[in-house]
Amino acid sequence: MEVDSKKALRTLNPRSVWLPVIIGLAIVTFIAFRDDKINEESLQSMLRISILAIVLAFLFLISKDLLNTARVKLVGNGAFGIKEALRIVFLWEFAIAVVPPIIGPVAVVIYIIHKHGVDVGRALAYALLLAMMDNIFFLTASPIALLLTNGAALPQSELIQNELGGSLSYFFYLSYGLIAFYISFKISALLLFPSAVKNLLQWLAQLPFLKKWGARLSNRADELYEVSKELRGKTISFWLKLVGLTYALWIVKLGVLNMLVVGFVPISLNEHLTLLSRHLIMWLVMLVSPTPGSAGTAEYIFPAFFEDFLGEYTFVASLIWRLISFYPYLIIGALILPGWIKKLVGKNK
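Quick caveat: nothing in here was measured; it's all calculated off a predicted structure. Every chain is numbered on its own, with residues counted from 1 as its sequence reads. Reporting of local features is limited, given that this is a predicted model, to residues whose pLDDT is at least 70; pairs of side-chain atoms are given and counted only at 80 or more, and all residues count toward the totals for whole chains, interfaces and linings. Processing note: side-chain calculations cover all non-hydrogen atoms of the structure and skip hydrogens and water entirely.

S.K.: Explain the overall build of the protein chain here, please?
M.R.: Counting its secondary structure elements, the protein chain contains 17 helices and zero strands. Computed over its C-alpha atoms, the radius of gyration of the protein chain comes to 21 Å, within 12% of the 20 Å expected for a compact globule of 349 residues. Its C-alpha atoms put the protein chain at 60 × 40 × 40 Å along the principal axes. Here the term buried applies to any residue with accessible area under 20% of the maximum for its type, exposed to any over 50%, and partly exposed to those in between, with areas from a 1.4 Å probe on protein chains only. For the protein chain, the proportion of its 349 residues judged to be buried stands at 51%. In this description, contact between two residues means that some pair of their heavy atoms is separated by no more than 4.5 Å. Counting only contacts in the protein chain whose residues sit at least 6 apart along the sequence, the fraction spanning at least 24 positions is 77%. Throughout, the Shrake-Rupley method with a 1.4 Å probe supplies accessible areas, and for residues the shown protein chains are the sole cover considered. By element, 65% of the accessible surface of the protein chain is carried by carbon and sulfur atoms, the whole surface being about 17,100 Å². The protein chain carries 31 positive and 22 negative side-chain charges, and their two centres are separated by 14 Å. Every helix listed is a DSSP run of H or I at least four residues long, and every strand listed is a run of E at least two residues long, numbered separately from the N terminus. Two things to know: the radius of gyration comes from C-alpha atoms, and the globule rule equals 2.2 Å times the number of residues to the power 0.38. Charge convention: Lys and Arg are scored as positive, Asp and Glu as negative, and His as well as the terminal groups of each chain are ignored. For the purpose of locating charges, the reference atoms are NZ of Lys, CZ of Arg, CG of Asp and CD of Glu.

S.K.: Before we go on, may I ask you to explain the nonpolar core in this structure?
M.R.: Within soluble globular proteins, side chains that are nonpolar generally end up buried alongside one another. We call a set of buried residues a nonpolar core when its members are Ala, Val, Leu, Ile, Met, Phe, Trp, Tyr or Cys and they connect through side-chain atoms within 4.5 Å of each other. Leu 12, Ile 113, Phe 138, Phe 264, Phe 305 and Leu 330 are the most contacted members of the largest nonpolar core, which totals 105 residues. The element contributing the most residues to this core is helix H7 (residues 120–148), with 16 residues. Membership of the second largest hydrophobic core comes to five residues, among which are Val 28, Ile 38, Phe 315 and Leu 319.

S.K.: Where do I start with helix H5 (residues 82–98) in this structure?
M.R.: For the α-helix, the turn length of 3.6 residues means that residues three or four positions removed from each other point alike. In this analysis, the expected span of each helix is defined as 1.5 Å times one less than the number of residues it contains. The first and last C-alpha atoms of H5 sit 25 Å apart over 17 residues, in line with the 24 Å expected at 1.5 Å per residue. Among the 17 residues in H5, 12 count as buried, and that is most of the element. Those residues of H5 that fall on the buried side of the exposure criterion are Ala 85, Arg 87, Ile 88, Val 89, Phe 90, Leu 91, Trp 92, Glu 93, Phe 94, Ala 95, Ala 97 and Val 98.

S.K.: How should I be thinking about the pattern of salt bridges in this particular structure?
M.R.: Side-chain pairs of opposite charge can arise whenever the charged atoms involved come near each other. What counts as a salt bridge is simple: a side-chain nitrogen of Lys or Arg found within 4 Å of a carboxyl oxygen of Asp or Glu. Counting across every chain of the model gives eight salt bridges. Measuring nitrogen to oxygen at the nearest pair gives 3.9 Å for the salt bridge that ties Lys 198 to Asp 222. Here Asp 222 lies in helix H11 (residues 214–232) and Lys 198 lies in helix H10 (residues 194–205), a separation of 24 residues in the sequence. Under the relative-accessibility criterion, Asp 222 is labelled partly exposed at 32%. By sharing partners, the salt bridges in this structure join Lys 64, Asp 65 and Glu 93 into a single network.

S.K.: In this structure, what is going on with unusual backbone geometry? I would like to understand it.
M.R.: Excluding glycine, residues mostly carry a negative phi; peptide bonds, for their part, are mostly trans. Here Asn 77, not a glycine, exhibits a phi torsion of approximately 50°, which is positive. Position of Asn 77 relative to the elements: it lies in the loop between helix H4 (51–76) and H5. Judged by relative accessible area, which is 62%, Asn 77 ranks as exposed. Positioned with a positive phi, Asn 150 is a non-glycine residue whose angle comes to about 55°. One can find Asn 150 in the loop between H7 and helix H8 (158–164). Among the residues examined, Asn 150 registers a relative accessible area of 74% and is labelled exposed.

S.K.: Can you help me understand the side chain of Ser 277 in this one?
M.R.: Turning to its location among the elements, Ser 277 is positioned in helix H13 (residues 269–286). Non-local contacts of Ser 277, meaning those with residues more than four positions away in its chain, are made with Ala 145, Thr 149 and Ala 153.

S.K.: Would you explain a positive patch on the surface in this entry?
M.R.: Residues with no salt bridge and a relative accessible area higher than 30% make up the patches, which join like charges within 9 Å and nonpolar side chains (Val, Leu, Ile, Met, Phe, Trp, Tyr) within 5 Å. Taken together, Lys 6, Lys 7, Arg 10, Lys 212 and Arg 216 make up a surface patch of like positive charges. No other element matches the three residues that helix H1 (residues 5–11) contributes to the positive patch. The class for Arg 216 is exposed, based on a relative accessible area of 54%.

S.K.: Explanation requested: the environment of Gly 121 in the structure shown.
M.R.: Summarising the element assignment, Gly 121 is placed in helix H7. On the basis of relative accessibility, which here comes to 39%, the residue Gly 121 falls in the partly exposed class. Each C-alpha atom, one on Gly 121 and one on Ile 301, is 39 Å from the other, the two residues being 180 residues apart in sequence.

S.K.: Would you take a moment to explain the packing of aromatic side chains for this structure?
M.R.: Pairs of aromatic rings are described using the distance from one ring centre to the other and the angle between the two planes. Between the rings of Phe, Tyr and Trp (Trp by its six-membered ring), a pair exists once the centres lie within 6.5 Å; its type follows the angle of the planes, with under 30 degrees stacked, over 60 edge-to-face, and the other angles tilted. Evaluated as defined, the whole model comprises 16 aromatic pairs. Measuring from ring centre to ring centre gives 5.2 Å for Tyr 170 and Phe 171, while their planes differ by 75°; the resulting arrangement is edge-to-face. Taken together, the ring pairs connect Phe 137, Phe 138, Tyr 247, Trp 250 and Trp 283 into an aromatic cluster. When the NZ atom of lysine or the CZ atom of arginine is within 6 Å of a ring's centre and also within 35 degrees of its normal, the charge is said to sit over that ring. For the cation-ring pair, Arg 232 lies above Tyr 225, with the distance from its terminal atom to the ring centre recorded as 5.9 Å.

This is a description of form; function is not addressed.
See the structure below:
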């Protein structure tokens, strides 16, 4: 397997931050002009959030990155120190912020891990495993969220239905179906039936109407089979730790919004659960977003999920949420990561 260095470096570039920023600002401006309730006075309500809520939100965000660092170290099995694993996490987060979710940053993550001194085959295994675990979380946690909230985690929105031509339910089930297909294929290829999947892909590569993609399909078949060798020897303890870290980091990541909401309005324990559940479902909906980092999409659908909690604070809360959970990674990318990338590329040429 060869890593497309040029494509990866185009993504890991400070200039990549401008597109999500422009799209995000455009959608926020559109929302502000469309909604008569958004004015100078309502924007000043941003200052009403408690300082403690901001501090807790940042603590949750830092905890998420530390948990992800621990997960990268676990998957790397000694290949990375804490510093290297943290660098991978920040480069990964930057890639997430500048790549459309529907495409995903896996190819960039493979490049990042490879440049940390890991051979390409293992870099592919680590990147696919991390991406697969995130999708397994979505696939397993969302039905639990819907069950625990009696369906309240998936709200109805006439505005979304009218303007996008589909309900939130439609986009949720579309995303869920795509993830289910992806996970079924990956688990089959990497863990359950690697030989059968390899033979199937190689057979497909020989079909006349797939001739154009034949070589690529055959290469992917070989790559997936090699990755399966890397993963099949893992212990039950490894898988339990990996699942635990994945669930923990996503719960903490989703909890950032909970901390911001309580900075505006008091909510009960059950409402905390509903907030977490809605945030999870919103992430699933955003996975089919065509914009980099779901820029614009997140701001646009935020009221449909959280207006009944936040009321007059919905717009300003969405701004603070994105400022805390999204834009810091763009800033890190613009200011710090170019030096890291230059060092890595130069060291591993």
